[in-house]
Amino acid sequence: MRKAMVLIASLFAASVYAASAAPAEGAEHGKEDVAGYILHHVADSHEYEFEVPLSHDHVAIHLPEIYIPFHEGACTPTMTDHGNVVPGITQGCLDLSITKHTVMMWVATALLLATIFIWSNRDKSKLVPRGAGANLFEMLVLFVRDELAIKNIGKEEGPRYVPFLLTAFFFILFMNLLGLFPWMATATGNIAVTCALAICTFIVTQIAGIRAAGLGGYLKHLTGGVHPLLWPIMIPVEILGLFTKPFALTMRLFANMLAGHIVIFFLLGLIFLMGSAAVGLVAVPFAMGIYFLELFVAFVQAYVFTMLSALFIGMSVAMGHHHDHGDHGADLGHGHAEGGASHDHGRAHM
Amino acid sequence: MAEEPREKGGKEGDELSPTARQMQAAVPYISAVWKMVGGAVVGVLGGLLMDRWLGTKPWGLVGLSVVGIVVGFYGFLHEMTRLGKKK
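On a predicted model such as this, the values are computed, not experimentally measured, just so you know. Along each chain, residues carry numbers from 1 onward, in the same order as the chain's sequence is written. In the order they appear in the text, chains get letters beginning with A and ligands get numbers beginning with 1. For a predicted model such as this one, the threshold for reporting local features is a pLDDT of at least 70, and the threshold for listing and counting side-chain atom pairs is 80 or more; totals across whole chains, interfaces and linings nevertheless cover every residue. With hydrogens and water stripped out, all remaining heavy atoms of the structure feed into the side-chain values.

**Q** Any chance you could break down the overall build of chain A for me, citing the residues and the numbers?
**A** Here a helix means four or more residues in a row that DSSP labels H or I, a strand means two or more in a row labelled E, and each is numbered from the N terminus. Helices and strands together make up the secondary structure of chain A, namely 11 helices and 6 strands. Sequence-distant contacts in chain A: of pairs separated by 6 or more residues, those separated by 24 or more amount to 65%. Here chain A has roughly 17,700 Å² of accessible surface; of this, 71% comes from carbon and sulfur atoms. The contact rule is simple, with two residues in contact once any of their heavy atoms fall within 4.5 Å. Only the protein chains shown count as cover for residues, with accessible areas throughout obtained via the Shrake-Rupley method and a probe of 1.4 Å.

Here it is as structure tokens:
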């Protein structure tokens, strides 16, 4: 425990060092540099930049920029106030560049695979796994299976979605934790990353709905159960409604992860904004508190994303089962609304 | 001990957490509310797009907004009536 505390404190000290190196230079140019520094460090970029320990030297690794034009000259950069700007997808240029956050996702994937291979590789002749790592890993895996998948989807359908939920949980957890290490970045503080994760959940949710209701039942649900003359309005309404859940997943994870890092940076930035080292006596302990909170948030956010994913899959499965029996979900609402006893009654005819 | 055979979607809800049960119970009601809100949203967006493409400003927006609101409200009432009948 003491070793863990020392390790965390060392990480924080290194993070403070890494965060404070640049503003020390930036303060000479004006207070607005602190905000610019913070935004630069939480944003994605085509460079992997880090400070060399015990010096003010910066090392920038330029990452490959890959643009795929849909038509001739679509990816020609134009000079703006922010430098050379390459047109986006709406102008016909697909940006597949390797960015800082892409590298972080790769690092998280590599670490996750290494962890799985090391901790899952045990003596098969022994029933009980030995070692703290293997037991911790097993505890988390069982938690995701028993408390998230089965409790939100059901005992019958839940285990089917455990591999997806485990992947999401550990991938998000590793990305969140990586951002707390010095010279690293939080990929989950990038809306494109959280959006991609939410799209995965969206696809699995729809597959779960189709599996439960059948393709016919799923498509019937999209009509909203109204007269065919009203379908031109109702079908877009239902399709739009499908995207509200992944949108919530995207924004929640992105905002939570980004906010924590900005708060830490701003607390440290106060030292430079106030122009006094004495402010550090208050700002650094506060920042350290937020850092510990971030450690907790890393687990909580991975849990919440996975829990909500399981909940949405469960809702989709339940909705599908209603359609399967042609009652459009009304009876379940009735059964549940009246408590556990009527819940059974509500589903008895299924 | 052999587990009892379970029909599709039968007693599956028994082991669900209270949150999952409540959320699943709320699905038809959320769906009904979304129909009302979504109808207006789709109507307004459709009207704006229609005005832009056909140059009918502001009649596309006015017309489709009204249609969207009416259809959304009808969808809401339709769903609530069905829920009421089930009760």
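**Q** Quick one: what's the story with a nonpolar patch on the surface, residue by residue and with numbers?
**A** Each patch is built from residues that are more than 30% exposed by relative accessible area and take part in no salt bridge. Like charges join if they lie within 9 Å; nonpolar side chains (Val, Leu, Ile, Met, Phe, Trp, Tyr) join within 5 Å. Salt-bridge detection follows one rule: a side-chain nitrogen of Lys or Arg within 4 Å of a carboxyl oxygen of Asp or Glu. Where nonpolar side chains cluster on the molecular surface, the patch consists of Leu240 of chain A together with Val33, Val37, Val41, Val44, Leu45 and Leu48 of chain B and spans about 500 Å² of accessible area. When residues of the nonpolar patch are assigned to their parent elements, the largest contribution, 6 residues, is made by helix 1 (residues 18-54) of chain B. In this fold, Leu45 of chain B is placed in helix 1. On the basis of relative accessible area, Leu45 of chain B is assigned to the partly exposed category, the value being 44%. Type-normalised accessible area, obtained with a 1.4 Å probe on protein chains alone, sets the label of each residue: buried when under 20%, exposed when over 50%, and partly exposed for intermediate values.

**Q** Can you tell me about the pairing of strand 2 (residues 58-62) of chain A, naming the residues and giving the values?
**A** Residue and element names in this part refer to chain A. Note on pairing: DSSP must find at least two bridges between two strands before they are called paired. In this sheet, strand 2 lies alongside strand 1 (residues 47-51) in antiparallel orientation, the contact comprising 5 bridges. Residue pairing for strand 2: Glu49 is matched across the bridge by Ala60. Counting the residues that bridge the hairpin from strand 1 to strand 2 gives 6 residues, and of these Leu54 lies at a positive phi of roughly 60 degrees.

**Q** How would you explain the environment of Trp231 of chain A if you had to name every residue and give the values?
**A** Residue and element names in this part refer to chain A. Mapped onto the fold, Trp231 is located in helix 7 (residues 231-242). A sequence separation of 16 residues divides Trp231 from Leu215, and the C-alpha atoms of the two residues are 18 Å apart. When near neighbours in sequence (up to four residues on either side) are disregarded, Trp231 contacts Thr223, Val226 and Pro236.

**Q** An account of the pattern of salt bridges is needed here, citing residue identities and associated values.
**A** Applying the stated criterion across every chain yields a total of 6 salt bridges over all chains. The shortest N-O distance in the salt bridge between Asp146 of chain A and Arg145 of chain A comes to 2.9 Å. Residue classification places Asp146 of chain A among the partly exposed residues on the basis of a relative accessible area of 28%. Counted as one network, the salt bridges with shared partners bring together Glu238 of chain A together with Lys35, Glu79 and Arg82 of chain B.

**Q** Run through the packing of aromatic side chains, naming residues and quoting values.
**A** The criterion for an aromatic pair is that two Phe, Tyr or Trp rings (for Trp, the six-membered ring) have centres within 6.5 Å, with stacked assigned to planes under 30 degrees apart, edge-to-face to planes over 60 apart and tilted to the rest. Per the stated rule, a full pass over the model turns up 9 aromatic pairs over all chains. The interplanar angle of 80 degrees and the centroid separation of 6.1 Å between the aromatic rings of Tyr37 of chain A and Phe265 of chain A together place this pair among those described as edge-to-face. Taken together, the residues span a long stretch of sequence, with Tyr37 of chain A in helix 2 (residues 32-42) and Phe265 of chain A in helix 8 (residues 244-274) at a distance of 228 residues. Of the two residues, Tyr37 of chain A and Phe265 of chain A, neither departs from the other in class, the shared state being buried. For the ring pair Phe73 of chain B and Phe76 of chain B, a centre distance of 6.2 Å and an interplane angle of 35 degrees mean the geometry is tilted. Separated by 3 residues within a single helix, Phe73 of chain B and Phe76 of chain B lie in helix 2 (residues 59-86), roughly one turn from each other. Overall, Phe73 of chain B belongs to the partly exposed group, its relative accessible area being 41%. Owing to a relative accessible area of 19%, Phe76 of chain B belongs among the buried residues under this scheme. Clustering of aromatic rings is evident, with ring pairs tying together Trp119, Phe137, Phe169 and Phe170 of chain A.

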